[in-house]
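# Examination of the molecular architecture
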Amino acid sequence: MSFEGFPCVVGWELTLACNLRCRHCASAAGLPRKNELTTEEALALCDQFPPLAVQEVDFTGGEPLMRPDWWRIAARVKELGITTRIVTNGLPLAPSTVARIREVGISTVGVSLDGLEATHDDIRVLPGLWRRVLAGIQRAVDGGVQVGVITAVNARNLRELPALLGLLESIGVRHWQLQPNLPRGRSGEAPDLALSDQEFLELGAFFRTEQPKAKARGFDIVPADSLGYFTELDLPEPPWRGCHAGLFAVGILSDGKVKGCLTMPDEMIEGDLRQDDLWDIWFRDGAFAYTRQFSVDKMGANCRDCALAEQCRGGCTSMSYVCTDKLHNDPYCFLGIQKRNPQAFQTAISMAFPEERDSVMLSDPLPPSPCWTCAPWAGFAGRVHGS
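Only a predicted model underlies this, so the values are computations on that prediction, with no experimental measurement involved.

### Re the packing of aromatic side chains
- Taken as a whole, this structure holds 12 aromatic pairs when the rule is applied.
- When the ring of Phe3 is compared with that of Trp282, the centres are 5.9 Å apart and the planes differ by 65°; the resulting orientation is edge-to-face. Residue Phe3 is found in the segment before β1 (9-13), and its partner Trp282 is found in helix α8 (residues 278-282); the two are separated by 279 residues along the sequence.
- Its end group placed over the ring of Trp71, Arg100 keeps NZ or CZ at 4.2 Å from the ring centre.

### Points about the pattern of salt bridges
- Scanning the entire structure with this criterion turns up 23 salt bridges.
- Here Lys259 ties to Asp266 by a salt bridge, and the two come within 2.6 Å at their closest N and O atoms.
- With relative accessibility at 31%, the residue Asp266 sits in the partly exposed group.
- Where salt bridges share partners, they join Glu13, Arg33, Arg184, Lys259 and Asp266 into one cluster.

### Observations concerning the nonpolar core
- Core analysis: the largest hydrophobic core is formed by 103 residues, its most contacted members being Trp12, Phe49, Phe59 and Trp176.
- Ranked by residue count, the leading element in this core is helix α7 (residues 197-216), at seven residues.
- Those residues within four positions of Trp12 in sequence are excluded, and the remaining contacts are Leu37, Ala42, Leu45, Cys46, Phe49, Val57, Asp58, Phe59, Thr60, Ile73, Ile252 and Leu262.

### Examining the packing of α7 against helix α13 (residues 342-352)
- Packing of α7 against α13 brings their axes to within 8 Å, and their N-to-C directions diverge by 25°. As far as their axial angle goes, α13 and α7 are roughly parallel. Once α7 is placed against α13, the crossing between them reads as right-handed. Two secondary-structure elements touch here, α7 through Gln198, Leu201, Glu202, Ala205, Arg208 and Thr209 and α13 through Ala344, Phe345, Ala348, Met351 and Ala352.
- Broken down by class, the residue content of the contact of α7 with α13 amounts to seven nonpolar, two polar and two charged.

### Here we look at the side chain of Arg208
- Take Arg208: it is sitting in helix α7.
- One buried charged side chain, Arg208, makes no salt bridge at all; its nearest oppositely charged neighbour is Asp234, positioned 7.9 Å away.
- Ignoring any residue separated from it by four or fewer positions in sequence, one finds Arg208 in contact with Glu232, Leu233, Asp234, Leu235, Ala352 and Phe353.

### Quick notes on the confidence of the model for the protein chain
- Across the protein chain, the average pLDDT comes to 90, with 91% of residues at or above 70.
- Counting interchain partners and residues more than four positions distant, the pLDDT-below-50 stretch residues 356-386 has 105 contacts.

### So, α7
- Taking 1.5 Å of rise per residue, 20 residues should cover 28 Å, and α7 covers 30 Å from first to last C-alpha, within 8% of that figure.
- At Glu210, α7 shows its strongest bend, of approximately 35°, with the proline Pro212 following within four residues.
- Along α7, 16 of the 20 residues are buried, which leaves the element largely enclosed by surrounding structure.
- Gly218, located one to two residues past α7, shows a positive phi value of around 85°.

### Concerning the side chain of Asp69
- Looking at where Asp69 falls in the secondary structure, it is placed in the loop between β2 (56-60) and α2 (70-79).
- Reaching out from Asp69, the side chain makes a polar contact with the side chain of Thr39 at a distance of 2.4 Å.
- Looking at Asp69, its side chain comes within polar contact range of the side chain of Arg67, at 2.5 Å.

### Quick word on the packing of helix α6 (residues 161-170) against α7
- In contact at an axis separation of 11 Å, α6 and α7 are set at 40° when each is read in the N-to-C sense. Considering only the axes of α6 and α7, their crossing is right-handed. Every residue of α7 that contacts α6 at Leu161, Pro162 and Leu165 is listed here: Leu203, Phe206 and Glu210.
- For the contact of α6 with α7, a count of residues per class yields five nonpolar, no polar and one charged.

### Structural notes on the pairing of strand β7 (residues 220-223)
- Pairing of strand β6 (residues 175-180) with β7, which is carried by four bridges, proceeds in the parallel orientation. Bridge pairing in β7 links His175 to Asp220.
- Of the crossover connections in this fold, the one passing from β6 over α7 to the parallel β7 is right-handed.

### Overview of the sheet that holds strand β4 (residues 108-112)
- Reading across from one edge, β7-β6-β5-β4-β3-β2-β1-β8-β9-β10 is the order of the 10 strands in this open sheet, with mixed pairing throughout. Looking along the sheet, the strands with just one partner apiece sit at the ends: β7 and β10 (271-272).
- Where helix α5 (residues 129-142) meets the sheet, it contacts β4 and β5 (147-153), and its direction lies at approximately 150° from that of β5.
- Strands in contact with α6 are β5, β6 and β7; relative to β6, the strand with the most contacts, it is inclined by about 155°.

### So, α2
- If you check which residues of α2 are buried, you get Trp70, Ile73, Ala74, Ala75 and Val77.
- Close packing links the buried residues of α2 with β1, α1 (39-46), β2, β3 (83-88) and α3 (95-103).
- Following α2 by one or two positions, Gly81 has its phi on the positive side, about 85°.

### Some details on the state of the cysteines
- As enumerated under the stated definition, the model contains zero disulfides in all.
- Counting only cysteine sulfurs, Cys22 is the nearest neighbor of Cys18, a cysteine outside any disulfide, at a range of 5.9 Å.
- Taking the relative accessible area as the measure of exposure, Cys18 reaches 10% and is therefore buried.
- Distance from the sulfur of Cys261, which forms no disulfide, to the nearest cysteine sulfur (Cys243) is 6.5 Å.

What counts as what
- Along each chain, residues carry numbers from 1 onward, in the same order as the chain's sequence is written.
- Predicted model: local features are reported for residues with pLDDT of at least 70 only, side-chain atom pairs are reported and counted for 80 or more only, and whole-chain, interface and lining totals are derived from all residues.
- In computing side-chain values, all of the structure's heavy atoms are included and hydrogens and water are not.
- Side-chain rings of Phe, Tyr and Trp (the six-membered ring for Trp) are treated as a pair once their centres are within 6.5 Å; stacked means planes under 30 degrees apart, edge-to-face means over 60, and tilted covers the remaining angles.
- Secondary structure follows DSSP: runs of H or I at least 4 residues long count as helices, runs of E at least 2 residues long count as strands, and numbering of each begins at the N terminus.
- Criterion for a charge above a ring: Arg CZ or Lys NZ at most 6 Å from the ring centre, at most 35 degrees from the ring normal.
- A side-chain nitrogen of Lys or Arg and a carboxyl oxygen of Asp or Glu constitute a salt bridge if their distance falls within 4 Å.
- Each residue is placed in one exposure class: buried if its accessible area under a 1.4 Å probe, protein chains only, is under 20% of its type's maximum, exposed if it is over 50%, and partly exposed if it falls in between.
- Residue types Ala, Val, Leu, Ile, Met, Phe, Trp, Tyr and Cys, when buried and joined through side-chain atoms within 4.5 Å, form a set referred to as a nonpolar core.
- Any two residues whose heavy atoms approach within 4.5 Å at even a single point are treated as in contact.
- Interaxial angle, 0 to 180 degrees, is taken between N-to-C directions of lines fitted to C-alpha atoms, where a helix line uses only the stretch in contact.
- In this scheme, roughly parallel covers angles under 35 degrees and roughly antiparallel covers those over 145, while 65 to 115 is roughly perpendicular and the rest are oblique.
- If you view the pair so one helix is near and one far, a crossing is left-handed when the near helix is turned anticlockwise from the far one by less than a right angle, and right-handed when it is turned clockwise.
- Residues are grouped as follows: Ala, Val, Leu, Ile, Met, Phe, Trp, Tyr, Cys and Pro are nonpolar; Asp, Glu, Lys and Arg are charged; every other residue, Gly included, is polar.
- Asp and Glu count as negative and Lys and Arg as positive, but His and the ends of the chain are not part of the count.
- A residue's pLDDT is the confidence the predictor assigns to it, expressed on a 0 to 100 scale.
- Given the number of residues in a helix, its expected span is that number minus one, multiplied by 1.5 Å.
- Note on bend: at a given residue it equals the angle between the axes fitted to the 7 residues ending there and to the 7 starting there.
- Two N or O atoms count as a polar contact when they lie within 3.5 Å, although within protein this holds only if one can serve as hydrogen donor and the other as acceptor, and sequence-adjacent residues are included solely when both atoms are side-chain atoms.
- Paired strands, in this sense, are two strands between which DSSP finds at least two bridges.
- Classification remark: right-handed applies to a crossover when, strands pointing away from the viewer, the course from the first strand over the helix to the second runs clockwise.
- Working definition: a disulfide is two cysteine sulfur atoms within 2.5 Å of each other.

Take a look at the structure:
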């Protein structure tokens, strides 16, 4: 056993079934996968976690609450002393479900909210959904469940972020994750959602300005791994140290397949839990080579000449692979955009550090330049953790 790390965090797709058909869904969720794990198989899998020092299991989908035995699986993981979290589109958060979430000890419920009413309902293709999701969030908050909101930021909802921040604070939410749209699944077929260089920088400027102020109010704004890196738009701590997939984290699909991160395309499978234990898959010689066997000579063209290549390792592995068909080559990078489009970067810096304004106003688009999401390829699909 040459690799000595452990998967502290497990992302577990309980089912690919979903009650929505969202335009930005990375997984193109809807129908369950063929031959998803049975209840007995899932419960037996839970017992494999303690020997691997698993500290946290994050249940996703599809819509994980559509799986009838979700609560049995969650309860089993909790019985093993492991923290559990779950991501939902919010539609199933009826009073009975909120009560069951609290009963089985789910630590945090992440609810997807992708803009204000018209935008959210359009992206998620269900009129009236936004109000139903807000009602579900309120039920969970009132029921004593810790709720975080996840927003997949795209060109349609970017300029609604300030208003959305105020809304979330007003309803008692205290945790908000911002994750840039990644063109995989149905998102790859929706060019109107793609973030340009300028829009990605605008997102960075919003985060850099609002995160410290929100933190002082007791509200956490958290960037996803694909939002960075290494400029004034980043917070200094914690510094980005490269992709954790296969080093400290692992993803499990609903049919038992294993990959480094659930946002990675399904062709990046490392093993099958119906054939091998998770221990054997995790410690297999040659497994998760993109992170465990990284070297700077494997950097792609976007990152090859960067002085921070050794530390960064080419940004988010999923974003890199989906956008460029290469590893260690993430085009969504503040530093990389600064080098290729200094004017856009300086505009973003002026937004993040205004001399007179107290907050970022996302009203006017930055000067146009090529969209690095769409240029190198056409019709691939996007990053969303779960629902």
